[in-house]
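Take a look at the letters that make up each chain.
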2 protein chains.
Amino acid sequence: MTTIRDVAKLADVSVATVSRVLNQTGNVSPKTLQRVEAAISQLNYQPNDVARSLFKGRSKMIALFVPDIMNPFFPELARAAEDVASKHGYTFVLCNTDGDGEKELTYLKALKQKSVDGIIIVSSTLSKDAMAHLDLPIIALDRKIGTNIAAVTVNNRKAAQQAVTHLQEVGCKRIAHIRGPQGASNAEDRMAGYIDIVGQTDWFNPSFICEGDYTADHAYKAALDLLQQHPEIDGIFAANDLMGVGVLKAAAALGKKVPDELAVIGFDGIALGEVTIPTLSTMAQPTYDIGARAAEMLIEHIDTYDLNRFVEPVEYEVKLIKRQSTERRTNDDK
Amino acid sequence: MTTIRDVAKLADVSVATVSRVLNQTGNVSPKTLQRVEAAISQLNYQPNDVARSLFKGRSKMIALFVPDIMNPFFPELARAAEDVASKHGYTFVLCNTDGDGEKELTYLKALKQKSVDGIIIVSSTLSKDAMAHLDLPIIALDRKIGTNIAAVTVNNRKAAQQAVTHLQEVGCKRIAHIRGPQGASNAEDRMAGYIDIVGQTDWFNPSFICEGDYTADHAYKAALDLLQQHPEIDGIFAANDLMGVGVLKAAAALGKKVPDELAVIGFDGIALGEVTIPTLSTMAQPTYDIGARAAEMLIEHIDTYDLNRFVEPVEYEVKLIKRQSTERRTNDDK
DNA sequence: ATAGTCGATGTAACGGGTTACACGCAGCTT
DNA sequence: AAGCTGCGTGTAACCCGTTACATCGACTAT
């Protein structure tokens, strides 16, 4: 490995001057500049980022924590964040947490030892105190964490209201909800939106709300139970698309026709919803934009280097995408 | 930040002794050990990995290069590699290359400056010389690169033969192929397998092989053209599942019934194939295992620290999964 | 008793950039 | 001419672990 001292020797200057050339700090005379640049290219010198990081205490790395990259909602987020990171010269670290608080802490510790500059995190388990002890720029994504950590989210509650209203508009009389995991702010908000619309109806029944964990399998089973126990249900709002697909499968397994006997709407807008049969209506998030924005915010936060500055949270709008699973029935009513 | 010198001072020993405790190298008396451990926990000391990396020239980081994490085949690979990395105490860096050689080189340079310990790469563009100049442990994944870089792949050619044979068995008389991108070894091998089976038939026609780039959109268009130009085609082997889904959409758009008028089989075994209608038959790769194995091999390679050691390539078996898109017709023939 | 061995521990150099501080010198002010 | 400013540059300390080498005492071998 060639070092800055090799370059200095060849250019017959001091290491300080080479460093000044590299970082374009301080004044360097044109002649010297040229000599140094020649030496650099002659030796094909590339500065050692580790040494730089050691001195600076910063590493030009950011990390993204997701529950599981195999869940199709996250790759787009990851792609966006990585694009932004690399555009700004940052290296991108990916961590799968499985929604496990222990794992999150282990990763955080390891990354801190590596002087990672900041974190974007999708989590519902990380406690606020754990974050407080951690003096690292953090942006919460998709789900809020406490109140003083900046978050990039969507208007979950309003979007959920829209979704349920849409089901009503296509003729649904008994609408159930398969919710996301306890403690996830987006799951709570989506459920709240559901309740906003149907909570006061005469038919509403708390058992119309099923636990879910954002996976298709679990939703499949939940929907089977639900539909068998309450055959009168003619609309389901799933808190994400993956669970929406699970519901479609359950309906198929029970011989319930979608959308005629059961309308289904999901949330997220993943590509998967376009290739199922029937295709899945959904409340689509601007996923790439959200991921990119979170990364931009994080990097800006890092660059301003002001750990205590308040970072404004951002909320995006969600868009209703009507597909076959909620196609208005020609003649409905029971 | 508390440093090793703080710990040394508190425990009233030298930094060397603290280092010995941390790394369990050399001999430390029980009493001293205890004092040092007490000091470490009292100060909540965590060693600085950057300093360690600088001295050692290694960073305990590995990177995975994929064309695009949004392609559903890659998240599973990434998940597997990350699991293995983190199990071994490595940090996992993800790079999206878009199959762009320039981007690959830029990433490689940046990672080398960070003393990344090794790379797993899915690439068909990286030249062998570029790799040769790079003295970093590398494992090729999914696609081979040259002949002297260890690779973890599947038996693409044989699997392709199986896929095409399966189409024949369900009654297909005219089988087309939508191939992967030029230069990708797996695309070439899969095409070769296709030709092995149908190349000598009297009906075979080179125009039955369409260019593809492993995306659904492109395959959709290619399949539209193909089916319109050659209405006699009754079977399509798509070089990956995403393109298989594109073919299904094209068939739907043209009103061709799958599997009765057109049987379709893909390659990869991504979850997507289970939720389309009809569900997509495929040659399923043991994707997680492949990713995990590549990571294990890389880390073993790094640990033995023997850059010139020959690493044995590994080839996995692919499994035919029959689904609706190739369900045997009750009474076929033209 | 003396040399040799081994365990326990400390000192200081090292890895490779960065930068505070100092110095020399040219040009300008008064 | 003395004093000041500012550019261009070099020296060396610093970031923080790691480890080669040295030291010292205790114990074993002869």
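Residues numbered from 1 in each chain as written. Chains lettered and ligands numbered in written order. Predicted model: local features only at pLDDT ≥ 70, side-chain atom pairs only at ≥ 80, totals over all residues. Heavy atoms only, no water.

1. Some remarks on the interface of chain B and chain A
Note the threshold: Here, two residues are considered to be in contact whenever any of their heavy atoms come within 4.5 Å of each other. Summed over both partners, the accessible area lost on bringing two parts together, with a 1.4 Å probe, is the buried area. Every case where a carboxyl oxygen of Asp or Glu lies within 4 Å of a side-chain nitrogen of Lys or Arg is listed as a salt bridge. By the criterion applied in these results, polar contacts are pairs of N or O atoms within 3.5 Å in which, for protein atoms, one can donate a hydrogen and the other can accept it, and in which residues neighboring in sequence qualify only through two side-chain atoms. Every helix listed is a DSSP run of H or I at least four residues long, and every strand listed is a run of E at least two residues long, numbered separately from the N terminus. Any residue that is not Ala, Val, Leu, Ile, Met, Phe, Trp, Tyr, Cys, Pro, Asp, Glu, Lys or Arg is counted as polar, Gly included; the first ten are nonpolar and the last four charged.
With 43 residues of chain B in contact, the opposing surface of chain A contributes 43 residues. Taking both sides of the interface into account, the surface hidden between chain B and chain A amounts to around 3700 Å²; carbon and sulfur atoms contribute 60%. It is Arg79(B), Gln113(B) and Lys114(B) in chain B that bury the most area against chain A; as a group they hold 18% of the surface buried on that side. Along the contact surface separating chain B from chain A lie 6 salt bridges. Run the count over chain B and chain A and you get 17 residue pairs in polar contact (both at pLDDT 80 or more). For the side of chain B that touches chain A, the secondary structure elements donating two or more residues are helix H4 (49-56), helix H5 (74-87), strand S2 (91-96), helix H6 (101-113) and helix H11 (241-254) of chain B. For the side of chain B that touches chain A, the class distribution of residues is 21 nonpolar, 10 polar and 12 charged.

2. Remarks on the protein's contact with DNA strand C
Put simply, the rule is: We call a residue near a molecule or strand as soon as one heavy atom of that residue lies within 4 Å of the molecule or strand.
Around DNA strand C, the structure places 28 residues, and the nearest of them are Ile4(A), Arg52(A), Thr17(B), Asn27(B) and Thr32(B). A share of 55% of the atoms of DNA strand C within 4 Å of the protein falls on sugar and phosphate groups. Between a sugar or linking oxygen of DNA strand C and a side-chain N or O atom of Tyr45(A), the distance comes to 2.8 Å. At 2.4 Å from a phosphate oxygen of DNA strand C is found a side-chain nitrogen or oxygen belonging to Arg52(A). Broken down by secondary-structure element, the contributors of at least two residues to the surface near DNA strand C are helix H1 (4-11), helix H2 (15-23) and helix H4 (49-56) of chain A together with helix H2 (15-23) and H4 of chain B. A per-class count over the surface near DNA strand C returns 13 nonpolar, 10 polar and 5 charged.

3. Considering the domain arrangement of chain A
As a reminder, the rule being used: As annotated, the domain borders come from an automatic or database domain assignment.
Taken domain by domain, chain A comprises domain 1 (4-47), domain 2 (59-154 + 287-317) and domain 3 (156-285 + 320-326). Averaged C-alpha coordinates put domain 1 of chain A and domain 2 of chain A at centres separated by 37 Å.

4. Focus: the environment of Val36(A)
Residues and elements named next belong to chain A. Note the cut-off: Three exposure classes are used, based on accessible area relative to the maximum for each residue type with a 1.4 Å probe and protein chains only: buried under 20%, partly exposed in between, and exposed over 50%.
Tracing the sequence through the fold places Val36 in helix H3 (residues 30-43). For Val36, a relative accessible area of 0% translates into the label buried. Here the alpha-carbon distance between Val36 and Val21, two residues 15 residues apart in the chain, equals 7.4 Å. Leave out the neighbours within four places in its chain, and Val36 touches Val7, Ala11, Val13, Thr17, Val18 and Val21.

5. So, the pattern of salt bridges
A complete count under the given rule lists 24 salt bridges over all chains for this structure. Its salt-bridge partner being Lys114(A), residue Asp49(B) comes within 3.2 Å of it at the nearest N-O pair. With Asp49(B) in helix H4 and Lys114(A) in the loop between helix H6 (101-113) and strand S3 (118-121), the pair connects residues from two separate chains. The residues Asp49(B) and Lys114(A) share a single accessibility class, namely buried.

6. Topic: the protein's contact with DNA strand D
Every one of the 26 residues lining DNA strand D counts as a neighbour, but Ser14(A), Asn27(A), Thr32(A), Ile4(B) and Arg52(B) are closest to it. Take the atoms of DNA strand D that sit within 4 Å of the protein: sugar and phosphate atoms are 61% of them. At 3.0 Å, a side-chain N or O of Asn23(B) approaches a phosphate oxygen of DNA strand D. At a separation of 3.3 Å, a phosphate oxygen of DNA strand D approaches a polar backbone atom of Asn48(B).

7. Quick notes on H3(A)
Residues and elements named next belong to chain A. Stated formally: By this rule the span expected of a helix is its residue count minus one, scaled by 1.5 Å. Starting at the helix axis, one direction is taken to each C-beta atom, and the arc is that of these directions.
In this model H3 runs 20 Å from its N-terminal to its C-terminal C-alpha over 14 residues, within 8% of the 20 Å that 1.5 Å per residue would give. Every buried residue belonging to H3 is among Thr32, Val36, Ala39 and Ile40, and all of these are buried. Along the long axis of H3, the arc covered by the buried residues comes to 100°, so they all point the same way. Exposed and facing more than 90 degrees away from the buried side of H3 are Pro30, Lys31, Gln34, Ser41 and Gln42. Residues of H3 that are buried make contact with H1 and H2. Looking at the residues trailing H3, positive phi occurs at Asn44, about 55°.

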